[in-house]
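Chain by chain, the residues run as shown.
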Amino acid sequence: MNEHLLFEKKEIYIHEQPKEELINGPLIEPEKIGGRLQILKNKNGSFLRFLPYGLENVVSDDWAFVVNNSVLTYSKDSNSGESCTFENKQNLNKYKHQFEFNELSSVRRIYQGYGIPCLVFMLTDGRTLPNLYFYKGGSKEFLQELSSYFVFKKDVTDPRLWYVQRQNSEQFKQSLYELSLFNEQRENVMKKFLNEPVQSTLLGFSKVTNILRDVIKPSESASKSQFYVNDFKLDIPNPGDDMSDLMDSLVSDNIHSVPNDGYEMVTKVDLGPMPTVDRGPPVQKEDLIFDKEGRLFNHERIKQMIFRGGIQNELRITLWKFLLNYYEWDSTAKSREQKRKIRVEDYFRMKLQWKSISDEQKNKFSLIKERENLIEKDVQRTDRTHPYFESDDNVHLVEMKDILMTYNMFNFDLGYVQGMSDLLAPIMVIMDNEVDSFWCFAGYMDKIESNFLMDQLNIKLQLSNLKALLEFFDSKFSHYLEKNESSNMYFCFRWILILFKREFSFPDINRLWEVLWTDSPCKNFHLLICISILLMKKDDIMTNNYGFNEILKFINDLSGRIDLEKTLKHAEGLFLQLQNFKNVPNNIYEIIGFPVTEKNEELIDESRLLIPRSSSRESSAKLSPSSSFKSLSFKKDDDSVEVLN
Amino acid sequence: MSSQTRSGSGGGGTASASRTCQFKLVLLGESSVGKSSLVLRFVKGQFHEFQESTIGAAFLTQTVQIDDTTVKFEIWDTAGQERYHSLAPMYYRGAQAAIVVYDISNKESFHKAQTWVKELQRQASPNIVIALAGNKLDLANKRAVSYEEAKQYADEHSLLFMETSAKTAANVMDIFTSIAKKLPKSDVNEQASRQSQNRSGVNVGGANQNQQGTSGCACK
Ligand SMILES: Nc1nc2c(ncn2[C@@H]2O[C@H](COP(=O)(O)OP(=O)(O)OP(=O)(O)O)[C@@H](O)[C@H]2O)c(=O)[nH]1
Ligand SMILES: [Mg+2]
């Protein structure tokens, strides 16, 4: 290995989300994996590497002690004194990351959740490295160092994003210049725009909208920072930077363009400001009010609370049964008891139906044999890293098979389709009971059975609805996808088929599903969630110029990296924008299911209830249903902008 | 149970004098035969006993060095279940290579592999290089498809053939390298970074083209 170390920065950390079982309750600090970020060179060229402590051959100030597969590392650091960690060495390997310089597509510098600067590297094939946190600072310095290897171009829409430009070393100087913008306050950029409008506009249309937006925004800065604090629960040294991430996604520019002889007509649909949405606390035992006969007295309110804040984990075992139609919402305790008896009998009757098929019979019953094979294969590989399903010969694996086989008898026309075991697993963990899991699963399947039909028509319909929504909310991004062979939205297939199951941790998926099961605030709310994630990530896709392949990879790799609460807020914000916008096209209304003319009144009432009680008045006042269109015409070639009005 | 033989990227060479070719490769085969596991072994040198089923499709890349040529594979790993069969053409469209996988301990999966081969020979690009992989070689004591039978079938249909094990890594590199060797590497220009063109800054209206998905030209 002939490697030369060219540059190194120590005390860089990767955050690993804590194991699922630990975080059903309060927020827990992520596990931090420390290491060094290195620039190296070998005979093939330069590359960048994150090397976790414990994997290096040479140890300097810090030391590591290797026992069996584990490494004890010791390090002295100036702030917090000394630290000792004991880790499994085999596990460390997975945190080692490296890429060759010609694979780098872009790098972004942000302040993440805890106010620590971090770098995010994105590669040309759609991979994203985990966030690299610079606990001891030095991210700027590192970027400066990198800039001697690359020509960086600052993105016009996202000031924290630099992408690698390869053709031409001419722009090298420009890039250095742009790097120095690190120190520039946003105010300065605005001032520059105001003083030198012409030069600034030449920087590009998008930047102008950014700046204009910032000029327009200050009045809202109060609510901005509030939002910010809610999001991260911590004071951040320079909120400006990270805020723009949030604002970019929240105030998504809706630019509808029509090609027109070298000019493009750009009409900006103004949906009004993104309403501030607050989430609430999860439903707790004290919130449930039962009447004398054990009827859940306030179930409408409970449903709203679930939409707003989910359910406390211990209470899920009760409330999921209502959400999944195991019990009626207005059932009495007595009728529930009866129902349960019937459920148990029914389940075991159906279970017996397939259990009692003899081997001889099975050999002549190829369909059931085939399905059993498929189920067995999938049970072996569904969520096996979750402690509930971890060990081999685990009774829960047998239960999972039995439930799926019984469901096959219950709904033989549908049978077993891959993806179902994913939907079942979280329910089993919550219910911890075979019969209850079965019926809750059956209730869930009632809601989304059509996702699994042979013809796949319903999936295709949802994907095309998703495209229509995207076109409405962000036609620029929608066009980008068209140009990159992705207008069929197949990269969202997994999201929709199993309702984000593979994208979130167990605690998050529990939360998301119970929110969706309330059927609030509108039909197809899950599509607004898709839109919301896409809008938050569109800059990454467009700036890196990802095509069909890379988009799919990028979207697949978002798994485990999506902030659920932020997404839920944003998605509800999109809904409120739609609700308050006067000129929503009919196809969009059809997708989200309102206004249904006579019911209109009622629906609006209900949605008002959904706005958190305390701030309902303010928030609705904020929604100015202004349907103003600003017309802009701009010429593609030189990026010059003309405001037509 | 996971072992590391090479780290994801940085393995392939990029000496600026060498030429770079890029090929699209798709994996097909019945559910659970080990398609994802083969890719994971090839790309990351890892094996996961509990590899989850693929929903939709996954995309990965890996480079191999063949003499003075760097071959970059763009790999599409598809979902095996029959229900999702209709999505497959989207992924094998424009592919220059395919690995059709079966499980040597499962006869049925070998039959399914044959229908995939048929479909590819009928519908995919005419010059597609097809390899047949009999995976789970480590389960030889449960073998249900003999080497000879599969070899004969492969010969009759002009397929590359190897028995592999994603678990032990047996023949995994080899099958990819054999494919790389068989792919036409003519028409080569020096080093290209396909993504760097056309980045004129402003993106309103989506001025950038990105066509590598369909381009039939493999080498740049
Ligand atoms: N013993 C053994 N097991 C393997 C091998 N390759 C894969 N497996 C196991 O077989 C199961 C299925 O492997 P996958 O790679 O998920 O199969 P797949 O073809 O991608 O399946 P789908 O995504 O459903 O189409 C997993 O449990 C793997 O651990 C192998 O070479 N030997
Ligand atoms: Mg797979």
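The shown structure was predicted, so the numbers you read here are calculated from the model rather than taken from an experiment.

What follows concerns the overall build of chain A. Counting its regular elements, chain A contains 26 helices and 16 strands. The proportion of buried residues among the 645 residues of chain A is 57%. Considering only intrachain contacts with a sequence separation of at least 6, the fraction spanning at least 24 residues in chain A is 66%. With the model as given, the accessible surface of chain A reaches about 28,400 Å², and the carbon-plus-sulfur share is 51%.

On to the side chain of B:Thr164. Residues and elements named next belong to chain B. On the secondary structure map, threonine 164 appears in the loop between β6 (160-163) and α5 (172-182). Exposure remark for threonine 164: the relative accessible area of 0% places this residue in the buried category. One polar contact links threonine 164 to asparagine 135, side chain to side chain, over a distance of 3.0 Å. Excluding its chain neighbours within four sequence positions, the residues that come into contact with threonine 164 are Leu38, Ala133, Gly134, Asn135, Lys136, Leu137, Ala170, Asn171 and Ile175.

Here we come to the UniProt feature "domain: Rab-GAP TBC" (unreviewed entry) in chain A. When the UniProt feature table is mapped onto this chain numbering, "domain: Rab-GAP TBC" (unreviewed entry) sits at residues 310-520 of chain A. In this annotation, residues 310-520 of chain A is assigned 66% helix and 0% strand; the end-to-end C-alpha distance for the span is 12 Å.

What follows deals with unusual backbone geometry. Residue and element names in this part refer to chain A. At the junction of serine 520 and proline 521, the peptide bond is cis and its omega measures out at -10° in the coordinates. Among the secondary structure elements, proline 521 is positioned in the loop between α20 (506-517) and α21 (525-543). Located in the positive-phi region is glutamate 11, a residue other than glycine, with phi close to 60°. Mapped onto the elements, glutamate 11 comes out in strand β1 (residues 4-16). Not every positive phi belongs to a glycine, and glutamine 456 is a case in point at roughly 60°. Examined against the element boundaries, glutamine 456 turns out to sit in the loop between α16 (434-448) and α17 (457-473). Residue classification places glutamine 456 among the buried positions, given a relative accessible area of 3%.

Residue and element names in this part refer to chain B. Here the magnesium ion (ligand 2) is held by Ser36 (OG) and Thr54 (OG1), and the distances to it run 2.0 Å. Within this pair, whereas serine 36 is found in helix α1 (residues 35-44), its partner threonine 54 is found in the loop between α1 and β2 (57-66), the two being separated by 18 residues in sequence. One exposure class covers both serine 36 and threonine 54, and it is buried.

Further remarks concern the side chain of A:Arg371. Residues and elements named next belong to chain A. Structurally, arginine 371 can be placed in helix α13 (residues 366-379). Buried arginine 371, no salt bridge; nearest opposite-charge side chain is glutamate 370, N-O distance 6.3 Å. Setting aside chain neighbours within four positions, we find arginine 371 in contact with Asn408, Phe412, Gly415 and Tyr416.

All names here are of chain A. Scanning all chains against the criterion turns up 42 salt bridges over all chains. The salt bridge involving arginine 49 is made with glutamate 3; its shortest N-O contact spans 3.2 Å. Residue arginine 49 is found in strand β3 (residues 45-52), and its partner glutamate 3 is found in the segment before β1; the two are separated by 46 residues along the sequence. Taking the relative accessible area as the measure of exposure, arginine 49 reaches 10% and is therefore buried. Residue glutamate 372 is joined to lysine 401 by a salt bridge in which the shortest nitrogen-to-oxygen separation is 2.7 Å. Linking glutamate 372 in helix α13 with lysine 401 in helix α14 (residues 395-410), this pair joins segments that are 29 residues apart in sequence. Comparing glutamate 372 with lysine 401 shows no difference in burial state: the two are buried.

Applying the stated criterion across every chain, the model contains 43 aromatic pairs over all chains. Summarising the aromatic geometry, the rings of A:Phe472 and A:Phe473 are spaced 5.3 Å apart at their centres and angled 80° between planes, so their arrangement reads as edge-to-face. Given a relative accessible area of 7%, A:Phe472 falls into the buried group. Look at B:Phe42 and B:Phe176: their rings are 3.7 Å apart centre to centre, the planes differ by 0°, and that puts the pair in the stacked class. One end of the pair, B:Phe42, is in helix α1; the other, B:Phe176, is in helix α5, and 134 residues separate them in sequence. When sorted by exposure, B:Phe42 lands in the same class as B:Phe176, which is buried. Three or more aromatic residues link up through ring pairs in this structure, and these residues are A:Tyr347, A:Phe348, A:Tyr407, A:Phe410, A:Phe438, A:Trp439 and A:Phe441. It is A:Arg343 that lies over the ring of A:Trp439; its NZ or CZ is 4.6 Å from the centre. The ring of B:Phe50 has A:Arg384 sitting right over it, with the charged end atom 4.0 Å from the ring centre.

Turning next to the environment of A:Gln361. Residue and element names in this part refer to chain A. With respect to the helices and strands, glutamine 361 occurs in helix α12 (residues 359-363). Separated by 142 residues in the primary sequence, glutamine 361 and glutamate 503 have C-alpha atoms spaced 41 Å apart. A polar contact of 3.0 Å, which involves the side chain of glutamine 361, links it to the backbone nitrogen of serine 358.

What counts, and where the lines are drawn
- Residues numbered from 1 in each chain as written.
- Chains lettered and ligands numbered in written order.
- Predicted model: local features only at pLDDT ≥ 70, side-chain atom pairs only at ≥ 80, totals over all residues.
- Heavy atoms only, no water.
- Helix = DSSP H or I, 4+ residues; strand = E, 2+ residues; numbered from the N terminus.
- Buried < 20%, exposed > 50% of the residue type's maximum accessible area, 1.4 Å probe, protein only.
- Contact = heavy atoms within 4.5 Å.
- Areas by Shrake-Rupley, 256 points an atom, 1.4 Å probe, with all protein chains shown as cover.
- Polar contact = N/O pair within 3.5 Å; in protein donor to acceptor, adjacent residues only side chain to side chain.
- UniProt positions renumbered as here; feature names shortened; annotations may be inferred.
- Donors = N, O, S within 2.8 Å, 3.2 Å for Na, K, Ca; no water.
- Lys, Arg positive; Asp, Glu negative; His and termini not counted.
- Salt bridge = Lys/Arg side-chain N within 4 Å of Asp/Glu carboxyl O.
- Phe/Tyr/Trp six-rings, centres within 6.5 Å; stacked < 30°, edge-to-face > 60°.
- Lys NZ or Arg CZ within 6 Å of the ring centre and 35° of its normal.

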